[in-house]
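Listed below, chain by chain, are the residues.
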Amino acid sequence: MSENHTLSIAVIGSGPAGYYAAEALSKASSDERPVEVDVIDQLPTPFGLIRAGVAPDHQSIKNVAKRYEKTAMQDNVRFLGNVSIGKDVQIEELMTIYDAVILAIGASASRKLNIDGADKQGVIGSAEFVGWYNSHPHHAELKPKLNIDSAVIIGNGNVAVDVCRILAKTTEEMAETDLAHYAGKTIHATPIETIWMFGRRGPMEAKFTPKELSELGELKQCVTITKPEQLPDDIPADTLPKEQGVKKKILGHLKEFSTPRPAKIQTLNIEFYASPVSVIGNERVEGIRMERTRVEDGRTLGTGHFFDVPCQLIIPCIGYRTVPIEGVPFDTDAGHFRNTDGHVRDNLYVTGWARRGPSGTIGTNRPDAQEVAARVIEEIKPKANNARQKIDDLLQKRHISHVSFRDWQKIDAAELAAAKYTAPREKFATIDTMLKTISEN
Ligand code: NAP
């Protein structure tokens, strides 16, 4: 395919942003202006956050992968898995080989909780914890200690809701999910009685969405509780019209949680106006000191009133950061690559969370990726570079055995076949198992 006039593009990262970019580029291909795309990922498995971030009990959300699969099967799209950019191949090399490179590597590192004692054992970032229960090969060995009675989740976003729900759901409630089997064994044996979810601002500033919040009211063995005195009678009068519906629903659910309901084995306390101050304990977490806050013009202000919450596990779910790549300008404060409307420098572009930070839904990445793909098509001229041959030669020279989409389909089939009882699949959690499956099938 790499004829003289073919535009060859590398997309780094095979999550939603990567495949939406690949889809837009693939569709822009014509006889007059052929385009070929190589989607490169460090893992042997595609789909990024769909596989390793979306909660295992939200299987219907994962169906979007079928759309990415369609793109992956196009003649002008290839998948090169198990190739780590910045390690196996440098970004400058890719920029020389391909006409353009689009970074779509997402934001896979936890934002750090910047308080005293946050390095104690038992403080686990959301990226690590979510990756652990989702069989991400980099986090499968996390082995969190869940033989405890109380856990604190920091943050009021959908990740905090996911983590609370996964900690609280029973074996039965998780039966039709692809929760990592080792995580299920640990979680479903935990004697945790109390889970706290702390938001530093108020209920109307919380970032979770109504549907996700409502699921916390449907847990079999856990009752979700809010404090009625922390809830306003109605949504604020100055709420933007487009946000009124969502805020009303959120307030409705929170009010429902504030009404007396029968106790269950576990209690999830959602508490607002509480900001983390320090982690208590010696080597391990024994508790967390919180400061009561008030909110002025949307901003958190401390009140000087402190309280301690005993707990043995703290999971800050306070957002994610992109992992920097050498040679790519990085905005340290924002936690993503520096760019101007998706352009980084020369023939290097960025899309998705790596461009704008971890916000929005999966679908938000589609217009973002389409915009960047359109820029690439408009701004970049083909160099007649025979890119695919060159990258294949380079990988071979470095003894990097890349995984094709066909190879991934072998892993996929083996995972589906290994599913136990009503689970949709049994995800492999090590790269060795994945590569062995490919070579044996
Ligand atoms: P998020 O929505 O940005 O929420 C982060 C939360 O952490 C906020 O409540 C924030 O409070 C709080 N926070 C930040 N820094 C803090 C600090 N130093 N101390 C205390 N609290 C702090 O992030 P996320 O939950 O990680 O989600 C990331 C994205 O993925 C979002 O777009 C989310 O909607 C999406 N997602 C969606 C789903 C779903 O649709 N089912 C599931 C998971 C994730 P402030 O507001 O005060 O900053």
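If you're wondering where the values come from, they're calculated on a predicted model, not measured in any experiment.

Asks: Would you mind showing me how to read the domain arrangement of the protein here?
Replies: You'll often see interface size given as the accessible area lost when the parts meet. The assigned domain composition of the protein is domain 1 (3–108 + 322–403) and domain 2 (112–320). Its C-alpha centre places domain 1 at a distance of 33 Å from the equivalent point of domain 2. Of the residues lining the interface, 17 residues belong to domain 1; the matching set on domain 2 comes to 21 residues. Of the roughly 1,400 Å² buried where domain 1 meets domain 2, counting both sides, 56% is carbon and sulfur surface. Counting the surface domain 1 buries against domain 2, the share from its top three residues, Pro56, Asp57 and His58, is 37%. Run the count over domain 1 and domain 2 and you get two salt bridges. Between Lys169 and Asp57 there is a salt bridge, with the nearest N and O atoms lying 2.8 Å from each other. Joining domain 1 to domain 2, the criterion identifies seven residue pairs in polar contact (both at pLDDT 80 or more). Split by residue class, the side of domain 1 that touches domain 2 holds eight nonpolar, six polar and three charged.

Asks: Mind showing me how you'd approach the packing of aromatic side chains here?
Replies: Between two aromatic rings, the relevant description is the distance of the centres plus the angle of the planes. In the structure shown here, the tally under the stated rule is 14 aromatic pairs. With 6.3 Å between their ring centres and 65° between their planes, Phe47 and Phe405 make a pair best called edge-to-face. Remark: Phe405 occurs in helix α14 (residues 405–417) and Phe47 occurs in the loop between β2 (35–40) and α2 (48–52); sequence separation between them is 358 residues. On the basis of relative accessibility, which here comes to 5%, the residue Phe47 falls in the buried class. Between Tyr320 and Trp353, the aromatic rings sit 6.2 Å apart at their centres with planes inclined by 20°, giving stacked as the arrangement. With a gap of 33 residues between them, Tyr320 in strand β14 (residues 320–321) and Trp353 in helix α11 (residues 353–356) connect regions that are remote in the sequence. A relative accessible area of 12% places Tyr320 in the buried class. Residue Trp353 is classed as buried on the basis of its relative accessible area of 15%.

Asks: Before we go on, may I ask you to explain the side chain of Arg51 in this structure?
Replies: Its location among the elements puts Arg51 in helix α2. The exposure class assigned to Arg51 is buried, which follows from its relative accessible area of 11%. Sequence-distant contacts of Arg51, defined by excluding residues within four places in its chain, comprise Thr45, Pro46, Lys62, Asn134, Trp408, Glu415, Arg425, Lys427, Phe428 and Met434.

Asks: What is the right way to look at the side chain of Asp162 in this model?
Replies: Structurally, the position occupied by Asp162 is in helix α7 (residues 158–168). By relative accessible area, Asp162 is classed as buried at 11%. When residues no more than four places from it in sequence are discounted, the contact partners of Asp162 are Ala55, His58 and Tyr133.

Scoring rules and cut-offs
- Residues numbered from 1 in each chain as written.
- Predicted model: local features only at pLDDT ≥ 70, side-chain atom pairs only at ≥ 80, totals over all residues.
- Heavy atoms only, no water.
- Domains from an automatic or database assignment.
- Contact = heavy atoms within 4.5 Å.
- Buried area = accessible area lost by both parts, 1.4 Å probe.
- Salt bridge = Lys/Arg side-chain N within 4 Å of Asp/Glu carboxyl O.
- Polar contact = N/O pair within 3.5 Å; in protein donor to acceptor, adjacent residues only side chain to side chain.
- Nonpolar A, V, L, I, M, F, W, Y, C, P; charged D, E, K, R; others polar.
- Phe/Tyr/Trp six-rings, centres within 6.5 Å; stacked < 30°, edge-to-face > 60°.
- Helix = DSSP H or I, 4+ residues; strand = E, 2+ residues; numbered from the N terminus.
- Buried < 20%, exposed > 50% of the residue type's maximum accessible area, 1.4 Å probe, protein only.

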